[in-house]
Amino acid sequence: MKNLRLKSARAAMDMSQQQLADAVGVSRQTINAIEKGDYNPTIRLCVAICRTLGKTLDELFWE
Amino acid sequence: MNGLLLIAVLLIAWLGLACYFWQRERGPKAAYDERQEQARGLAYKYGFLTLAVCVCLLDTVLTLFPWIGTEAGGFFCLDLGVTVFAVTAIWKDAYLRLYEKPWEVVTMWGLCGLGGLLYGVFSLRKEGLLVDGMLNLSAVLIVISGSVLLTLAVFLYRRRAAGREDEEP
């Protein structure tokens, strides 16, 4: 399932996928895969993304 | 071992050592991320399974085509296994490290593939396809170089496809 909340949060911060990827230390393709729902990140990566975007885990990843 | 072959072996060894120390210097920046590690694990599995199946079938193939020879057959099996690994890793965007530049890979593969292909062709023209009734190892080099160039083609195709992916800023 696509993660549209992550995509909107990223867009709200005016960040590209590459910028978010660089900030959390992963490849752009990984961020793209998470947003498309093709990859389930580990909790560590989820936390890193939440910290970068200033959101909670519930806001971005809870279904 | 003739002089040219010795130089080639020394050059490859030097390149290998240079790559090793260069990557070591890069430290954590040379790592793969978690998704890539997972994808590479899958690629290793497919590559190993391909190699295992090829080795199992090698005896049958050599019985049908004894002129191939065990050495060449072994190299073909290895080549197929490595190619399957590389293509799988590339397809899943797990071949390049996080901060690895694509041009480095393209240059290396291009040089290796073309160099091997040229050397193989010249060697085949000089010695012929069969040597003492067995396949000339230069034919193996041509096949391996062809695999390298095929892998490069897949890499370039994926890079192009990734560039066309719908990505909003």
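A quick note: this is a predicted structure, and the numbers were derived from the prediction, not measured.

Caption draft 1: Expanded view of the overall build of chain B. Regarding its fold elements, chain B presents five helices and two strands. Tracing chain B from N to C terminus, the helices and strands come up as α-α-α-α-β-β-α. Referenced to the eigenvectors of the C-alpha coordinate spread, the extents of chain B come out at roughly 60 × 35 × 30 Å. Look at the contacts in chain B between residues 6 or more apart in sequence, and 73% of them connect residues 24 or more apart. In the form shown here, chain B has an accessible surface area of approximately 11,000 Å², with 71% of it arising from carbon and sulfur atoms.

Caption draft 2: Layout of the interface of chain B and chain A. Counting from both sides, the interface comprises twelve residues of chain B and, opposite them, 17 residues of chain A. In total, chain B and chain A occlude about 1,300 Å² of area from one another, counting both sides; carbon and sulfur atoms represent 44% of this. Linking chain B with chain A are zero salt bridges, by the criterion used here. In terms of residue count, helix α2 (residues 34-64) of chain B provides more of the side of chain B that touches chain A than any other element does, four residues in total.

Caption draft 3: Geometry of the nonpolar core. If you look at the biggest cluster of nonpolar residues, it comprises 18 residues, and the most contacted ones within it are Ile49(A), Leu53(A) and Leu60(A). Taken together, the elements giving at least two residues each to this core come down to α1 (4-12), α2 (17-24), α3 (28-36), α4 (43-53) and α5 (57-61) of chain A. Of all the elements, α4(A) adds the most residues to this core, at five residues. Beyond its immediate stretch of four places on either side in the chain, Leu53(A) contacts Leu6(A), Ala9(A), Arg10(A), Met13(A), Met15(A), Leu20(A) and Leu60(A). Judged by nonpolar contacts, the second largest core, of nine residues, contains Leu58(B), Ala72(B), Cys77(B) and Leu135(B).

Caption draft 4: Quick peek at the confidence of the model for chain B. Averaged over all residues, the pLDDT of chain B equals 87, while 91% of them reach at least 70. Taking the mean pLDDT of every element in chain B, the minimum, 77, falls on helix α1 (residues 3-26) of chain B and the maximum, 95, on α2(B).

Caption draft 5: The arrangement of α3(A) in detail. Of all nine residues in α3(A), eight are buried; the element is thus mostly enclosed. Backbone geometry just after α3(A) places Gly37(A) at a positive phi near 85°.

Caption draft 6: Structural context of the pattern of salt bridges. Throughout the structure, instances matching the rule amount to two salt bridges over all chains. Arg10(A) is the partner of Glu35(A) in a salt bridge, and the nearest nitrogen-oxygen pair spans 2.6 Å. In this pair, Glu35(A) is assigned in helix α3 and Arg10(A) in helix α1, connecting sequence segments 25 residues apart. Like Arg10(A), Glu35(A) is buried. Where Arg158(B) meets Asp93(B), a salt bridge forms, and the shortest distance between an N and an O atom there is 3.2 Å. With Arg158(B) in helix α5 (residues 137-163) and Asp93(B) in the loop between α3 (70-91) and α4 (102-127), this residue pair connects regions lying 65 residues apart in the sequence.

Caption draft 7: Examining a nonpolar patch on the surface more closely. Residues and elements named next belong to chain B. Taken together, Val53, Leu57, Val61, Leu64, Phe65, Trp67, Leu129 and Leu130 make up a surface patch of nonpolar side chains, about 750 Å² in accessible area. If one sorts the elements of the nonpolar patch by residue count, α2 sits on top with four residues. Turning to its location among the elements, tryptophan 67 is positioned in the loop between α2 and α3.

Caption draft 8: Region of interest: the side chain of Arg40(B). Residues and elements named next belong to chain B. Considering the arrangement of structural elements, one finds arginine 40 in helix α2. It turns out arginine 40 is buried and unbridged, and the closest side chain with the opposite charge, glutamate 37, is 5.6 Å from it. If sequence neighbours within four positions are ignored, arginine 40 has contacts with Tyr32, Phe85, Ala94 and Tyr95.

Caption draft 9: Summary view of the layout of surface pockets. There is about 480 Å³ of room inside the second largest pocket. Lining the second largest pocket are 23 residues, and of these Gln29(A), Leu96(B), Arg97(B), Leu98(B) and Arg159(B) lie nearest its centre. Every element with two or more residues in the lining of the second largest pocket is listed here: α2 and α3 of chain A together with α5 of chain B. Ranked by residues supplied to the lining of the second largest pocket, first place goes to α5(B) with five residues. Of the residues belonging to the lining of the second largest pocket, the class tally is ten nonpolar, five polar and eight charged.

What counts, and at which threshold
Residues numbered from 1 in each chain as written. Chains lettered and ligands numbered in written order. Predicted model: local features only at pLDDT ≥ 70, side-chain atom pairs only at ≥ 80, totals over all residues. Heavy atoms only, no water. Helix = DSSP H or I, 4+ residues; strand = E, 2+ residues; numbered from the N terminus. Contact = heavy atoms within 4.5 Å. Areas by Shrake-Rupley, 256 points an atom, 1.4 Å probe, with all protein chains shown as cover. Buried area = accessible area lost by both parts, 1.4 Å probe. Salt bridge = Lys/Arg side-chain N within 4 Å of Asp/Glu carboxyl O. Core = buried A, V, L, I, M, F, W, Y, C linked by side-chain atoms within 4.5 Å. Buried < 20%, exposed > 50% of the residue type's maximum accessible area, 1.4 Å probe, protein only. pLDDT = per-residue confidence, 0-100. Patch = residues over 30% accessible without salt bridge, like charges linked within 9 Å, V, L, I, M, F, W, Y side chains within 5 Å. Lys, Arg positive; Asp, Glu negative; His and termini not counted. 1 Å grid on protein atoms, 1.4 Å probe; cavity = no way out; pocket = protein on both sides within 12 Å on 5 of 7 lines; lining within 4 Å. Points joined across faces, edges and corners; volume = space filled by probe spheres on them. Nonpolar A, V, L, I, M, F, W, Y, C, P; charged D, E, K, R; others polar.

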